[in-house]
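Structural description and commentary
Listed below, chain by chain, are the residues.
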Amino acid sequence: MKHASLSTRRKLVLNDGSQVDLTLNNALLYRLRSERKIEYDKFNDFIFNGGKDYFQLVDVLYVAYLCGQLDGRGSLDGAMSNVDFMLALPEDPNAIAEEVQWLTAPKKMRDSVAPSRSGQAE
């Protein structure tokens, strides 16, 4: 089974206009697995079983936020709780879904550099 390589970085604008770093990569996820197993397990479930609930998307963003904290600060000291993070998120569920797509499947979100030939007469 082939899954997308995880190595992404994004900035997320929160409700108050501030920005947080979101990142996913194997080394940070491995570290998070030992420091925040519950959050890691939720992320892992999403990756291997797909999303079935809106809050699974929120969980993925929270894990990306925690990885961003590990990457930028070196620790999770001072990181928002999951509830505080949820309260700070943009209220548009489509924006949440799009951020998760960018983080977990970035190749699907990129525009093609070549024009599409589908539906064109040859």
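Figured I'd write up the structure that's included with this text. Computed from a predicted model, the values in this text were never measured in an experiment. (Residues numbered from 1 in each chain as written. Predicted model: local features only at pLDDT ≥ 70, side-chain atom pairs only at ≥ 80, totals over all residues. Heavy atoms only, no water.)

1. Quick word on the packing of aromatic side chains
The condition is simple: Classification of ring pairs rests on two measures: the distance between centres of Phe, Tyr or Trp rings, Trp counted by its six-membered ring, which must be within 6.5 Å, and the angle between planes, read as stacked under 30 degrees, edge-to-face over 60 and tilted in between. Note on conventions: DSSP H or I runs of at least 4 residues are helices, E runs of at least 2 residues are strands, and numbering of each starts at the N terminus. Throughout, exposure labels follow a simple rule: accessible area from a 1.4 Å probe, protein chains only, divided by the maximum for the residue type, with under 20% read as buried, over 50% as exposed, and the rest as partly exposed.
As enumerated under the stated definition, the model contains four aromatic pairs in all. On the basis of an interplanar angle of 50° and a centroid distance of 5.4 Å, the ring pair of Y62 and F85 is categorised as tilted. Of this pair, Y62 sits in helix α3 (residues 54–73) while F85 is found in helix α4 (residues 82–88), placing the two residues 23 residues apart along the sequence. Comparing Y62 with F85 shows no difference in burial state: the two are buried. Between Y65 and F85, the aromatic rings sit 5.1 Å apart at their centres with planes inclined by 25°, giving stacked as the arrangement. Here Y65 is found in helix α3, whereas its partner F85 is found in helix α4, with 20 residues between them in sequence. Here Y65 and F85 have matching classes, each one buried.

2. Some remarks on the packing of helix α1 (residues 26–35) against α3
What counts is decided by this rule: Each axis is a line fitted through C-alpha atoms, taken for helices only over the stretch in contact, and angles between the N-to-C directions span 0 to 180 degrees. These descriptions rest on fixed angle ranges, namely under 35 degrees for roughly parallel, over 145 for roughly antiparallel, 65 to 115 for roughly perpendicular, and the rest for oblique. Two residues qualify as a contact provided that any one of their heavy atoms is within 4.5 Å of a heavy atom in the partner residue. Under the grouping applied here, Gly and all other residues not named as nonpolar or charged are polar, the nonpolar ones being Ala, Val, Leu, Ile, Met, Phe, Trp, Tyr, Cys and Pro and the charged ones Asp, Glu, Lys and Arg.
Interaxial distance between α1 and α3 falls to 10 Å at its minimum, and their mutual angle equals 105°. Taken together, the axis directions place α1 and α3 in an arrangement best described as roughly perpendicular. The residues of α3 that touch α1, namely those facing L28, L29, R31, L32 and E35, are V63, L66, C67, L70 and D71. Taken together, the residues of the contact of α1 with α3 sort by class into seven nonpolar, no polar and three charged.

3. A short note on the nonpolar core
Stated formally: By nonpolar core we mean a set of buried residues, namely Ala, Val, Leu, Ile, Met, Phe, Trp, Tyr and Cys, connected to one another through side-chain atoms within 4.5 Å.
Judged by nonpolar contacts, the single largest core of 30 residues is most densely connected at L22, L24, L61 and Y65. Mapped onto this core, the elements with two or more residues apiece are β2 (19–25), α1, α2 (37–49), α3, α4 and α5 (93–104). With eleven residues, the top contributor of residues to this core is α3. Apart from the residues within four sequence positions on either side, L61 is in contact with L22, F85, L89, I96, E99, V100 and L103.

4. Thoughts on the pattern of salt bridges
Note the following rule: A carboxyl oxygen of Asp or Glu within 4 Å of a side-chain nitrogen of Lys or Arg is what we treat as a salt bridge.
The final tally for this structure, using the stated rule, is five salt bridges. Two residues, D21 and K11, come together in a salt bridge whose shortest N-O distance is 2.6 Å. Note that D21 is positioned in strand β2 and K11 in strand β1 (residues 7–13), a separation of ten residues in sequence. Looking at D21, the relative accessible area reads 36%, which means it is partly exposed.

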